[in-house]
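The residues making up each chain are set out below.
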Amino acid sequence: MKKVENFVINGSKKKPIILDVIYHESTVLQPIVIFCHGFKGFKDWGPFDLVAETFAAKGFVFIKFNFSHNGTTIDHPLDFADLEAFGNNNMSIEMDDLGVIIDWVCSSGFVADKQEVNAEQIFLLGHSRGGGISILKASEDARVKKLCTWASVNEFGKYWKKDEMEKIKSEGVIFVGNARTKQQMPL
């Protein structure tokens, strides 16, 4: 198995995107699966390494990445060390980041061996909010050939209560708890 871990490219607003590429050596061109994590998520959470290895074992090039504004950093890819970035994140930034990843996969700078990768077969797999982002990107980017979502959101605004929206409008921020880290994360 080939792994390129914690590779860095520039994402939205020149903030870095850290990513992993996992695949097996092959004489057959392999389709590419780009995995998008969900809200308060990151590329190395829970089962995502096992998912990547399973897809690679089945003949795919698997890319998992941290959105540029998800709150993690290059030095702390498992922790929400940049709450300012997290608080300024939005769906447009995540859509732009996913576009940057797709552009990179199709470029000469892509880290996988071009003799093993089929850049004409780009598939998106999104978890939770990453599923919603994947749906939106697949609908606008013809390079995406297939889409799969995993517990995807079906709309972005349904979880916002009226009083939360009013508080954001009046105070500019609300905070959501993170059960894993016990942090109060700004939105």
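Residues numbered from 1 in each chain as written. Predicted model: local features only at pLDDT ≥ 70, side-chain atom pairs only at ≥ 80, totals over all residues. Heavy atoms only, no water.

1. Points about the side chain of D20
With respect to the helices, strands and loops of the structure, D20 is situated in strand β2 (residues 16-23). Within the structure, D20 has its side chain in polar contact with the side chain of K43 (distance 3.0 Å). Side-chain polar atoms of D20 contact the side chain of K64, separated by 2.8 Å. Those residues in contact with D20 that lie beyond four places of it in its chain are V4, E5, N6, K43, D44, F62, I63 and K64. (Helix = DSSP H or I, 4+ residues; strand = E, 2+ residues; numbered from the N terminus. Polar contact = N/O pair within 3.5 Å; in protein donor to acceptor, adjacent residues only side chain to side chain. Contact = heavy atoms within 4.5 Å.)

2. What to know about the pairing of strand β4 (residues 61-66)
Burial analysis of β4 places six of its six residues in the buried class, which makes it a mostly covered element. Side chains V61, I63 and F65 project from β4 onto one buried face, and the interleaved F62, K64 and N66 project onto a second face that is buried too. Across five bridges, the pairing between β2 and β4 is antiparallel. Considered in β4, the bridge of V21 is made with I63. Two strands pair when backbone bridges link them, and strand β3 (residues 30-36) and β4 are joined in this way by five bridges, in the parallel orientation. Bridge pairing links V33 to F62 in β4. Handedness of the crossover is the feature at issue here: the chain leaves β3, passes through helix α1 (residues 48-57), returns alongside β4, and the resulting connection is right-handed. (Buried < 20%, exposed > 50% of the residue type's maximum accessible area, 1.4 Å probe, protein only. Pairing = 2+ DSSP bridges. Right-handed = clockwise from strand over helix to strand, strands pointing away.)

3. Things to note about α1
Helical periodicity: at 3.6 residues per turn, an α-helix aligns residues three or four positions apart in one direction. For α1, the set of buried residues is F48, V51, A52 and A56. Here the buried residues of α1 occupy an arc of 130 degrees about the axis, which is enough to place them on one side. Projecting away from the buried face of α1 at angles above 90 degrees are the exposed residues L50 and A57. Of the surrounding secondary structure, the elements contacted by the buried residues of α1 are β2, β3, β4, β5 (117-127) and β6 (144-150). Looking one or two residues beyond α1, the residue adopting positive phi is G59, at roughly 100 degrees. (Arc of directions from axis to C-beta.)

4. Focus on the packing of helix α3 (residues 91-105) against helix α4 (residues 129-140)
How two helices pack is summed up by the angle between their axes together with the distance between the axes. Orientation of α3 relative to α4, taken along the N-to-C sense of each, is 60 degrees, at an axis distance of 10 Å. Where α3 crosses over α4, the handedness of that crossing is right-handed. In this structure, α3 contributes M91, E94, M95, L98, G99 and I102 to the contact, and α4 contributes R129, I133, S134, L136, K137 and E140. Residue composition of the contact of α3 with α4, grouped by class: six nonpolar, two polar and four charged. (Axes fitted to C-alpha atoms, helices over the stretch in contact; angles between N-to-C directions. Left-handed = near helix turned anticlockwise from the far one by under 90°. Nonpolar A, V, L, I, M, F, W, Y, C, P; charged D, E, K, R; others polar.)

Distances and angles like these do not, on their own, reveal function.
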